[in-house]
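# Architecture and fold: a report
Here are the chains, one letter per residue:
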Amino acid sequence: MKSLHDKREKEKQIVSLMIDIYCHKNHHTKHGLCDKCQKLKEYSQHRSDLCPFMETKTFCSNCKVHCYKQDMRNEIKKVMRFSGPRMIFYHPILAISHVIESWKEKRIIKNETK
């Protein structure tokens, strides 16, 4: 089983990759990120560092507590909607493992509500 630190770092890595894809494709940055995306990346990493539910949750979308400010939450949703489907082309192993983990989590949540 992964350590809490490893899990946190993996989540930060995946979100960072998604922000990178979004920024490069939408804001046409070649090296680095635009200011807005850089702030979003820093914010998301900070929120991940502070997450008290990291040990038990799989993804923020499945969490009962949303710790992002509303404007940042809207921005990260845009990024994920755009980058999520494209992850299969840039990082196929991460994308497939994410889908598998999502299915498992949804099954667990469904069984808990029965």
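Above this note sits the structure.
Let me sum up the structure you'll find in this document. Just so you know, these numbers come straight off a predicted model, no measurement behind them.

Take unusual backbone geometry next. Of note, the phi angle at His28 is positive, near 55°, even though the residue is not glycine. Tracing the backbone through its elements, the reader meets His28 in the loop between helix H1 (4-26) and helix H2 (35-50). The exposed category is assigned to His28, whose relative accessible area is 64%.

With that out of the way, let us pick up helix H3 (residues 70-90). Helix length check: H3 (21 residues) gives 29 Å between terminal C-alpha atoms against 30 Å at 1.5 Å per residue, within 8%. Every buried residue of H3 is accounted for by Met72, Glu75, Ile76, Val79, Phe82, Ser83 and Met87. Considering only its buried residues, H3 is in contact with H1, H2 and helix H4 (92-112).

The next point concerns the environment of Asp49. Positionally, Asp49 belongs in helix H2. Note: C-alpha distance between Asp49 and Lys110 (61 residues apart in sequence) is 28 Å. With residues near it in sequence (within four places) discarded, Asp49 still touches Arg8 and Lys12. Among the polar contacts made by the side chain of Asp49, one reaches the side chain of Lys12 at a distance of 2.7 Å.

Axis separation between H1 and H3 bottoms out at 8 Å; the angle between their running directions is 95°. Relative to H3, H1 is oriented roughly perpendicular. On H3, the residues touching Ile14, Val15, Leu17, Met18, Ile19, Ile21, Tyr22, Lys25 and Asn26 of H1 are Ile76, Lys78, Val79, Met80, Phe82, Ser83, Gly84, Arg86, Met87 and Tyr90.

Let us now look at the pattern of salt bridges. In total, this model carries 6 salt bridges according to the counting rule given. Among the ionic pairs, Asp20 bridges to Lys41, the shortest N-O distance being 2.8 Å. Taken together, the residues Asp20 in helix H1 and Lys41 in helix H2 connect sequence positions 21 residues apart. The two residues Asp20 and Lys41 agree in class, both being buried. Notably, a salt bridge pairs Glu101 with Lys104, separated by 3.9 Å at the nearest N-O pair. Note that Glu101 and Lys104 are positioned in helix H4 at a spacing of 3 residues, about one turn of the helix. By relative accessible area, which is 41% here, Lys104 ends up partly exposed. A single network of salt bridges, built from pairs that share partners, joins Glu9, Lys12 and Asp49.

What follows concerns the packing of aromatic side chains. Following the criterion strictly, the structure yields 2 aromatic pairs and no others. Centre to centre, the rings of Tyr22 and Phe82 are 5.6 Å apart; their planes meet at 85°, and the pair counts as edge-to-face. Of this pair, Tyr22 sits in helix H1 while Phe82 is found in helix H3, placing the two residues 60 residues apart along the sequence. Taken individually, Tyr22 and Phe82 each receive the classification buried, so the pair is uniform in this respect. Their ring planes at 90° and their centres at 5.3 Å tell us that Tyr43 and Tyr68 sit as a pair that is edge-to-face. Here Tyr43 is found in helix H2, whereas its partner Tyr68 is found in the loop between H2 and H3, with 25 residues between them in sequence. The exposure classification of Tyr43 matches that of Tyr68, with both residues buried. The lysine or arginine in question, Arg86, covers the ring of Phe82, its NZ or CZ lying 3.7 Å from the ring centre.

Cut-off values and rules
- Residues numbered from 1 in each chain as written.
- Predicted model: local features only at pLDDT ≥ 70, side-chain atom pairs only at ≥ 80, totals over all residues.
- Heavy atoms only, no water.
- Helix = DSSP H or I, 4+ residues; strand = E, 2+ residues; numbered from the N terminus.
- Buried < 20%, exposed > 50% of the residue type's maximum accessible area, 1.4 Å probe, protein only.
- Expected span 1.5 Å × (residues − 1).
- Contact = heavy atoms within 4.5 Å.
- Polar contact = N/O pair within 3.5 Å; in protein donor to acceptor, adjacent residues only side chain to side chain.
- Axes fitted to C-alpha atoms, helices over the stretch in contact; angles between N-to-C directions.
- Parallel < 35°, antiparallel > 145°, perpendicular 65-115°, else oblique.
- Salt bridge = Lys/Arg side-chain N within 4 Å of Asp/Glu carboxyl O.
- Phe/Tyr/Trp six-rings, centres within 6.5 Å; stacked < 30°, edge-to-face > 60°.
- Lys NZ or Arg CZ within 6 Å of the ring centre and 35° of its normal.

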